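Single-letter residue listing:
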Amino acid sequence: MVSVWSSPDRPAYPHQALAVVLQVRERRLHAMLWQRPNEPFAGAWALPGGPLRPDETLGASVARQLAAKVEVSHLGHLEQLETRSDPGRDPRGRTVATAYLGLVTTHVDPALPDDTAWHPVDALPPTAFDHGSIVGSALARLRSKLSYTNVGFALAPPEFTVAELRELYVAALGYDVTATNLQRVLLRRGVLEPTGEQAPPGRAGGRPAALYRFVTPELSVTDPFAVFRPPARRGRDDEAEA
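Residues numbered from 1 in each chain as written. Predicted model: local features only at pLDDT ≥ 70, side-chain atom pairs only at ≥ 80, totals over all residues. Heavy atoms only, no water.

(A) Molecular detail of helix α1 (residues 58-67). Residues of α1 that are buried: Ser 61, Val 62, Gln 65 and Leu 66. Looking straight down α1, one finds that the buried residues subtend no more than 130° of arc, so they occupy a single side. Against β1 (15-25), β2 (28-35), β4 (49-51), β5 (75-84) and β6 (96-104) lie the buried residues of α1. (Buried < 20%, exposed > 50% of the residue type's maximum accessible area, 1.4 Å probe, protein only. Helix = DSSP H or I, 4+ residues; strand = E, 2+ residues; numbered from the N terminus. Arc of directions from axis to C-beta. Contact = heavy atoms within 4.5 Å.)

In structure tokens, the structure reads:
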């Protein structure tokens, strides 16, 4: 008797685990991509990932795939993003893919294989399959979570000034925010705390800036209804503007 799980009416499709790994580098948000050597899409850039093995979970699969490109310990955060099931997304035949979002803090510079590089998310090279669109989904998820969670901890170094944190938020959000409002909002939500230390003065001198850190490196919802809005969309009563 043929199992319904492998019958023509319900065929088993290949399932892949993919990862969108993002990091702020030189004040721009970047995605980690590798260049495919073979068809289809030879020479195009793709997300790290590969087939799900019969004996592993999706989480274990994406961790295994990432380990071939970057040390998983460098990830400040990893979460499941979405599943793509468009029948035409792979020209070789139908393939289902589940993508994850990973974030790397700015104080680490992972060593990458020769076929792998960081690319600005606002200037991606030609990408394979639907991977460019998946990067777009990851970007939307990150920007949303920066509004209502403390996920900024996965982008920032252990200690930072408010001005340095502002640069990270500007790079991730894609629009300007003010340091004063960002500090006010995050302190009010209990996301940040002062370390009691100060950053050394820069070359231009001036007063030393206070150092802050995130209260916890664990993801939590801090304001479920908050939204960071671009400057042109803000109103007078936008409580969470930054």
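The structure having been displayed, the exposition proceeds.
(B) Local environment of the environment of Arg 36. With respect to the secondary-structure elements, Arg 36 resides in the loop between β2 and β3 (45-46). Along the sequence, Arg 36 and Ala 46 sit 10 residues apart, while their C-alpha atoms lie 6.7 Å from each other. Among residues more than four places away in sequence, those in contact with Arg 36 are Phe 41, Ala 42, Gly 43, Ala 44, Ala 46, Arg 92, Ala 128 and Phe 129. Of note is the side chain of Arg 36, whose polar atom sits 2.9 Å from the backbone oxygen of Pro 40. (Polar contact = N/O pair within 3.5 Å; in protein donor to acceptor, adjacent residues only side chain to side chain.)

(C) Here's a closer look at the packing of helix α2 (residues 131-148) against helix α3 (residues 162-173). Orientation of α2 relative to α3, taken along the N-to-C sense of each, is 140°, at an axis distance of 9 Å. Classed by the angle they form, the pair α2 and α3 counts as oblique. Side by side, α2 and α3 meet where Leu 139, Leu 142, Arg 143 and Leu 146 of the first sit next to Tyr 169, Ala 172 and Leu 173 of the second. Residue classes in the contact of α2 with α3 are distributed as six nonpolar, no polar and one charged. (Axes fitted to C-alpha atoms, helices over the stretch in contact; angles between N-to-C directions. Parallel < 35°, antiparallel > 145°, perpendicular 65-115°, else oblique. Nonpolar A, V, L, I, M, F, W, Y, C, P; charged D, E, K, R; others polar.)

(D) Up close: the pattern of salt bridges. With the rule as written, the count across this model stands at 13 salt bridges. Across the pair Arg 25 and Asp 109 runs a salt bridge, and its minimum N-O distance is 3.0 Å. In this pair, Arg 25 is assigned in strand β1 and Asp 109 in the loop between β6 and β7 (116-120), connecting sequence segments 84 residues apart. Note on Asp 109: relative accessible area 58%, which makes it exposed. (Salt bridge = Lys/Arg side-chain N within 4 Å of Asp/Glu carboxyl O.)

(E) Inspection of unusual backbone geometry at higher detail. Geometrically, the link from Glu 39 to Pro 40 is a cis peptide bond, its omega value of 0° lying close to zero. Structurally, Pro 40 can be placed in the loop between β2 and β3. If you check the backbone angles, Glu 26 has positive phi at about 50° while not being a glycine. Among the residues examined, Glu 26 registers a relative accessible area of 78% and is labelled exposed. Here Phe 41, not a glycine, exhibits a phi torsion of approximately 65°, which is positive.

(F) Structural view of the packing of aromatic side chains. Within the structure shown, the criterion is met by two aromatic pairs. Judged by centre distance (5.5 Å) and plane angle (55°), the rings of Phe 160 and Phe 214 are tilted. Taken together, the positions of Phe 160 in the loop between α2 and α3 and Phe 214 in strand β9 (residues 210-214) put the pair 54 residues apart, joining distant regions of the chain. Each member of the pair Phe 160 and Phe 214 is classed as buried. (Phe/Tyr/Trp six-rings, centres within 6.5 Å; stacked < 30°, edge-to-face > 60°.)

(G) A look at the environment of Tyr 13. Tracing the chain through its elements places Tyr 13 in the segment before β1. Residues Tyr 13 and Gly 93 lie 80 residues apart in sequence; the distance between their C-alpha atoms is 8.8 Å. In contact with Tyr 13, not counting residues within four places along its chain, are Arg 94 and Val 96.

(H) View of the confidence of the model for the protein chain. Residues with a pLDDT of 70 or more make up 89% of the protein chain, whose mean pLDDT is 90. Predicted confidence is poor over residues 234-242, with pLDDT under 50, and the contacts of this stretch with residues over four places away or in other chains come to 24 contacts. (pLDDT = per-residue confidence, 0-100.)

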